[in-house]
Amino acid sequence: QPVNRAQMAVVMALLLDLDYDYYEGTNPFKDVPAWAAPYVAACYANGIVSGYDAYTYGSGDPVTAVQAASMMMRALGYFKYPATTATTAASSWPP
């Protein structure tokens, strides 16, 4: 059975041991069910997930391999430092 985006946010929040209770009531998305809202909010606040737009998360949509990989990469700390991207690295070369 496919995993949806809400379920993946729950998995990520639990794996990262995020304090999802702290984020109760802060979920910005209108389409997230109550059971997933604090997990999605915790992941969103920590830069692990993003919505399709400011109010749509797509909770019931199956999570794609690319979306799941993006969540995992963000959880591992990738994409936090824009200076490490290929574009900015190339533009600062040579030192």
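Everything below is about the structure printed above this text.
Residues numbered from 1 in each chain as written. Predicted model: local features only at pLDDT ≥ 70, side-chain atom pairs only at ≥ 80, totals over all residues. Heavy atoms only, no water.

## Side note on the overall build of the protein chain
Here is step 1 of the chain: Each helix and strand in the protein chain was counted, giving four helices and zero strands.
Here is step 2 of the chain: When the helices and strands of the protein chain are placed in sequence order, the string is α-α-α-α.
Here is step 3 of the chain: The buried share of the protein chain, reckoned over its 95 residues, is 32%.
Here is step 4 of the chain: Counting only contacts in the protein chain whose residues sit at least 6 apart along the sequence, the fraction spanning at least 24 positions is 64%.
Here is step 5 of the chain: Surface summary for the protein chain: the accessible area is close to 6,200 Å², and the carbon and sulfur share equals 61%. (Helix = DSSP H or I, 4+ residues; strand = E, 2+ residues; numbered from the N terminus. Buried < 20%, exposed > 50% of the residue type's maximum accessible area, 1.4 Å probe, protein only. Contact = heavy atoms within 4.5 Å. Areas by Shrake-Rupley, 256 points an atom, 1.4 Å probe, with all protein chains shown as cover.)

## Some words on the nonpolar core
Here is step 1 of the chain: Val32, Val40, Cys43, Tyr57 and Met71 are the most contacted members of the largest nonpolar core, which has 23 residues in total.
Here is step 2 of the chain: Counting residues per element, the ones that place at least two in this core are helix 1 (5-15), helix 2 (37-45) and helix 3 (65-75).
Here is step 3 of the chain: Setting aside chain neighbours within four positions, we find Met71 in contact with Met8, Met12, Ile48, Val49, Tyr57 and Val63. (Core = buried A, V, L, I, M, F, W, Y, C linked by side-chain atoms within 4.5 Å.)

## Description of the side chain of Asn27
Here is step 1 of the chain: Structurally, Asn27 can be placed in the loop between helix 1 and helix 2.
Here is step 2 of the chain: Within the structure, the side chain of Asn27 is placed 3.0 Å from the backbone oxygen of Phe29, a separation counted as a polar contact.
Here is step 3 of the chain: In contact with Asn27, other than residues within four places in its own chain, are Val32, Ala37, Val40 and Ala41. (Polar contact = N/O pair within 3.5 Å; in protein donor to acceptor, adjacent residues only side chain to side chain.)

## Digging into the packing of helix 1 against helix 3
Between two packed helices, what matters for the description is the angle formed by their axes and the separation of those axes.
Here is step 1 of the chain: Where helix 1 meets helix 3, the axes come as close as 11 Å, and the angle between the chain directions of the two elements is 25°. With respect to helix 3, the axis of helix 1 lies roughly parallel. The way helix 1 lies across helix 3 gives a crossing that is right-handed. Across the interface between the two elements, Arg5, Met8 and Met12 from helix 1 touch Gln67, Ala68, Met71, Met72 and Ala75 from helix 3.
Here is step 2 of the chain: Partitioned by chemical class, the residues of the contact of helix 1 with helix 3 number six nonpolar, one polar and one charged. (Axes fitted to C-alpha atoms, helices over the stretch in contact; angles between N-to-C directions. Parallel < 35°, antiparallel > 145°, perpendicular 65-115°, else oblique. Left-handed = near helix turned anticlockwise from the far one by under 90°. Nonpolar A, V, L, I, M, F, W, Y, C, P; charged D, E, K, R; others polar.)

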